[in-house]
Structure formats: structure tokens, C-alpha cells
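Report on the structure
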Amino acid sequence: MSFSRTKNIKLSPIKQMELLASKIPDVVSLAQGVPSFDTPEIIKKAALKALNRGVVAKYSLTYGLPELRETIEQKLAEENMYYDFEKEIIVTAGSIEAITASLISIIDNKKNEVILFSPSYTSYPEAVKVAGGQPVFVNLIEGGLALSQSKGWQIDFKSLERKVNSRTAAIIICNPNNPTGTIFPKEDLLKIAELAWKRKIFIICDEVYKDFVYDTRNYADLHADLIKETQSARGSASDQRNTGQRESAFFSLAQLPELRKIVIRVFSLSKAYAMTGWRIGFLHSDEENVKEIIKVHDALVTCAPVISQYAAMAALDFADQEIEEFRQKYQARRDLICQHLDELSDFFSYQKPQGSYFVFPKITRSARGSDIERGSRADLMTRRARGSSQRESVSWRFAIDLLEKAHVAVVPGIAFGPSGENHIRMSFGRSEKDINEAMKRIKEYFSI
Amino acid sequence: MITNFLKTIVQFFLKWFAKIYLWRVKPHIIVIAGTTGRHWIKEAVADALKEKNFPVRANKKNFNAEIGLPLSILGLISNDTKNQTIQIPIKTNFFISWLKILYQAAKIAFCHKGPTLKQFLVLEMAIDRPDNMNYLLSIVKPQTIILTTITMIYAENFENLDEIALEYKKLIKALPWDGLAILNFDDERVKKLAEFCGRVISYGFSEEADFQVKNVRKVLDGQEIEISVNQRSNQRRSASIIKINRFGNHHIYAALVKEAIKEHFKISTLDFFKSLSH
């Protein structure tokens, strides 16, 4: 047995950190990107109702329950995205299944490279490998000007253009980006789209954090032209689609009909509705793409969990208020964690996240003890679990040292791609109590 | 147990407040029913009436069953934020919140003055079990009914399609003598219901349809369709091409119904000037 296809696929470093943390008592974890909230009551009630009606025991259609897809179509229309629920929307088992199914349908022998931004979500490279592809990293540059006029992470377009070639099958964009919390400006997204259009490359837009966007006034100012432009471009015919529509400040490439054939947009209810365990999400794209992806989706899961589909229907219909409450709480937690990081400015520098619930601070030289620089006894603990390159990284050693000495779990930045090195990812999806306790321990770790 | 009891009480009062409101204000009620595509048809109907300057109110998506329907009738839930009186409490078991809603409902039922012009109330109606229709019809007496399709996909509690069709037959039979049914002639069961009502306007891809769609062409940002209309006065057909910025057949049906509504409901000149003053 050689397992040649899977031997280079690694278990997510986030799960590895969680596993290591579980062996140490009294650990406060800011590692996993799981919301601290429970699924809203109204969603749980809808699931229970469906369960009691006896409608969840059988498979649904492979595309998903028609009434859910109709609801998704309505929801998308509120955000200026127009897709046919019968042929262009697939309900999936979370976003990672949607991404993997899309990649499997896109990647072939001639086109097998997938551009990933670094740092970006840690499971993308493994999903690309599962699909038989080759991840190619394009670095984000830390410190460029981004939205809200604070320094952020910017796409290195020169590097992107260099790395796109005839073997490139797709570009994956996580927006807002996990782990940096960056919201990519419309101009940058359009530049990527132009490049992808010219080179016949798919764009997979992973927008699972799009409901958690902060400093909305600033953001809206910078994007105010979007809605006007989109609507004026469509002229008088737009009246057919405006009823009940709310203006969304968040720009998605899936809003542009011109890009329907190259954009596959993915969304998950895991984060927005605190439903990580329900494994429910969806993708949408032009009919031509969806009719291919559905074959893979069918082979992988047959259909998304039916009870979760009923829950998703209630979420999309009735839980807007809860999402807004979550967003406000995450914004307060972001400000709290940033306040703590400001007090640790000798040890960390960071870009204030504009979205998601992660902050990605850089570990300064003074934060790295000599044992971290050289390698430490933590190596012994990790050798069994990791490949050598990650094990030897500063961020991995720092995260392990922090776990061992301060009992705080974070994710080493190297897990998110090469340019994530020297950083750690902290989740403020956890409660204020956890954030305060973790940061107190980190301050003690640095003897503040 | 307590929640179910509370739900029954709330349902009972909401039903009666809605009935009182309808009796007092007497709006023209357009009901959109059928198993698929109701939402888009409802939006299209509301748009068509607004374009004609009629005062119109439509229920919010999925507020279309035992509790949602009376709330929509009372204007407590509406797509039109200007008309929206309150937000429905999401945590439905909150007794105080429901008490507040019942108070608001009572106020609207007994004190609300309707608009000077006859108001159109566009209501999406959903059934998911036998006898649902009887309950909904005990609240609402429609003057116009638009039927989309009869399929099994939303109806696990029915034995077969004919059983669902029987529910819609009850709805059609509830029309007054001068009522209007707008029926999708692509669905055989819906088409058959034409036998049970006086005035019928039909729509669909079918050649028999009064509002027939021909030559659908998918374009970059939507669909271009040719609509052929049967002019009953001279037995001729007129044709026009329109563009809809959406994808899927359900949007074509919505466009056909929109044309039918625009054609059928025409505001008088006097009412037009009255509407301008509002």
C-alpha cells in the first residue's frame, strides 16, 4: 500500500494545534475558527420541526431541497447576484466540499495549477492536492494601504502575473481573508478578474466571512460607487430586480454578469450563523459550470445533510437579526484583542482586521526567545506530527512554546502559506472571557 | 406544550384581527398560490400594480402560512419598510413580544384607516398539509388568484398530486362570480382548474395561453423573451420582446404574469390624480 496520492496531504495544522492543546490541561484556545455562539434558537427549532415531521430521513435532490435553493436565490438577489435556483445553485456540505468539488471538476492533466494567496486559508492547498492539483502561492504584501486607510495586506500583482501560466486552472480568493481579515478592494478584484478572463482561468470566491465586515462606514464610503455603477450599467431594466433589495456594501465578483462563466462563488453558513457542526453551505455559478460540479458533488456526498438543509432555510429566512448581533459582538471583540495587542507592541505588530474574526500579528524579534530562534524542546513534541519545513519555522516554535508555557493555543502563521511565517493567527470568535484570559497569559509569558 | 398552547392563542387572535381588518378596509386581494415560484410572481404583481400607481402591499417572503399570513394582512410584516409597523420577534416563544404584537394587531384591526384609494393586497399563500387551505380561506377571500404549479416537491404531507390539486380547487372555488384566475397553462392540473372559475387569463409556453412566451434567448445578463398576447377583442395576437435580468423559467413566468396584471388592472383617470396626491 503506497498511498501515493495522499501521502503529501497533511492534516490541517489548526487541527494539529487543537490536538496538542487537548493534551495540556487548562488551555485557552484562540486557535480554531469556531464561533463562541450557539446556533440561533429559530434555526434549531426549524430543524427540530423538520425532524418531527419525518422529512429528514431521506436523501434530498443532489442539488439540494428546491425550497432552500429558492431561498438562496432570493438571498443572492438581495446582494445583486442573479442565479437560477434550478440549475445554478448547489447546496453543499459546507464550503470546503464546495471548493473541493469545484477543484476536482476544474483540474485536469493540462491545467493543474491553482493560485493561492499567501497567507490564506490553510485547507486550500490540501483541497488542491486532493483534486490532483498543484498549489502555487502568490504572496500578499504586508503593510500596503488597504481599506479603512490602515495598513493592510495587498496582492503582489507582479508575482501573480508571473505565476499565471498555461497550466493555471484557477485562482482561489478568500474575501474577507482568513487569516488576515483583509477585505480586498474592488479594483484589485477586478484586476484579478481581468487577468483570469484573458487567460481563461476560473476564480473561486470563498466569501464565508462576508457578513462580518467592520468599520462599515469607512468601507461603504470606499465602495459607495459600486451599487450605483452596477445599477446604472444595467439601465432601466434594473426595475425588474429591485423589489425588496437592500444595498450591500460588500463587493463580490459574482455580482458581475460578465464574469458568470469564470466565477464560482462559495458560501457557508458555518461562521455567519454559528453552524459549523451542521456542515452546510452552497455554491453558485453559471449553468455550464454547475452541471459539471454537480457530478462531483453527487459522487462525494450525494446531497448535503437534509436536516441541515431545513435548518439553513430558517437561517436564511429568519436569522438576519442574529447575524447583526454576532457582527457587533465580533467587532467589540476585535477592538478588545487589538487593545491587548497594542499593549504588547514590543512583541507583536499587526494589521487591524477589517473583516472575519481573526487577527494575524507578526512576532517581532524581541518576542522570539533564543530557544525559539534556534529550535527548542518543542521540536520533540512536534516532530512526529509535522513535516520538517513547518516544524523548523519560527511561528511553529513560538506557537508550541506559547502552548507549553502559557497554555494558550494559537495557529502558527506558516500554516497559511510561506508568507505567513513569523506570524500567529488568533481567533476573536471566542468569548471576551477567553480573549482576556489568553491575553493575560501571553502578557505573563512576556513577563509584562 | 405551553408553547403550542400560546401558539394556538396567538393564531386565534391574529386570525380574527386580520378578518376584522379586511372587513373594515376591504382591499382587493390577489392571492398567489401553487407549489413553486410564488415569490417571484408576487414581486412581479406588486411591481406591475405600483407601476400603475395603485396603492399596494405584499407579504414578506415566507410569511405566508397560519401566522405569517394574518401578520402580513395587518401590515405587521411587509416588504415595504415604510409600511412596516413592527419587527416580528425572532424568538417566537417570547410571551411579552407576542403580547406586544397582539396589541399592535388589535390597534390596526380596529383603528387603522385604509388608504383613500382601493388598496391591493398581494398575498403569497402556502399549504403544506391537507386542510391548510380551509384555514387560510377562513381568513382571506381573494378576488384574484394566480396559480403557478402543482408539484410534489414541497408537499411531503400529501398522498399524491391530485390531493394537492384538490386543495387548490377549494381556493379557485372561493372566487366570487366576478373573480379572476390567472393560471399557468403549462401545468395540466392547474389548467384543469379553469373549469371551475368564470374569468380566466392563462400564461405559459403553451400555445393555448393568452400570454404566451416564445423564443427565449439567454444573454450575458439575463434572458430575452418574446411575449405573444391573445387580444380577445379581435382574436389576434400581438407580440413584444422584453428583456429580464434574471435566469430561469420561473422568472419568465413572473414576467408573463406581470404583463397580464398590467393589461388587466387599469387605473381610472380620477384615481390616477388621487394617487398623485398621496
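A few points on the structure.

Rules used in this analysis
- Residues numbered from 1 in each chain as written.
- Chains lettered and ligands numbered in written order.
- Predicted model: local features only at pLDDT ≥ 70, side-chain atom pairs only at ≥ 80, totals over all residues.
- Heavy atoms only, no water.
- Pairing = 2+ DSSP bridges.
- Helix = DSSP H or I, 4+ residues; strand = E, 2+ residues; numbered from the N terminus.
- Axes fitted to C-alpha atoms, helices over the stretch in contact; angles between N-to-C directions.
- Parallel < 35°, antiparallel > 145°, perpendicular 65-115°, else oblique.
- Left-handed = near helix turned anticlockwise from the far one by under 90°.
- Contact = heavy atoms within 4.5 Å.
- Patch = residues over 30% accessible without salt bridge, like charges linked within 9 Å, V, L, I, M, F, W, Y side chains within 5 Å.
- Areas by Shrake-Rupley, 256 points an atom, 1.4 Å probe, with all protein chains shown as cover.
- Salt bridge = Lys/Arg side-chain N within 4 Å of Asp/Glu carboxyl O.

Some thoughts on the sheet that holds strand S14 (residues 411-412) of chain A
All names here are of chain A. Taken in spatial order, the 3 strands of this open sheet run S11-S15-S14, and their pairing is antiparallel. Strands with a single pairing partner mark the edges of an open sheet, and in this sheet they are strand S11 (358-359) and S14. Across 2 bridges, the pairing between S14 and strand S15 (residues 424-427) is antiparallel. The partner of Val411 across the bridge, within S15, is Arg425.

Quick word on the packing of helix H3 (residues 66-78) of chain A against helix H11 (residues 306-318) of chain A
Residue and element names in this part refer to chain A. The N-to-C vectors of H3 and H11 enclose an angle of 30°; their axes lie 9 Å apart at closest approach. Our classification of the angle between H3 and H11 gives roughly parallel. The chirality of how H3 crosses H11 is left-handed. Two secondary-structure elements touch here, H3 through Glu67, Leu68, Thr71, Ile72 and Lys75 and H11 through Gln309, Tyr310, Ala312, Met313, Leu316 and Asp317.

Details of the sheet that holds strand S1 (residues 28-33) of chain B
Residue and element names in this part refer to chain B. With mixed pairing, 9 strands are arranged side by side in an open sheet as S2-S3-S1-S4-S5-S6-S7-S8-S9. Either end of the sheet is taken by a strand with one partner, and the two such strands are strand S2 (56-58) and strand S9 (236-244). Sheet twist, expressed as the mean angle between neighbouring strand axes with direction ignored, is 15°. Packed onto the sheet, helix H6 (residues 161-173) meets S1, strand S4 (144-147) and strand S5 (180-184) and runs at close to 155° relative to S4.

Let's talk about a nonpolar patch on the surface
Taken together, Phe5, Ile9, Phe12, Phe13 and Trp16 of chain B make up a surface patch of nonpolar side chains, about 510 Å² in accessible area. Relative to the elements of secondary structure, Ile9 of chain B occurs in helix H1 (residues 2-25).

Keep in mind that these numbers describe shape and distance, not what the molecule does.
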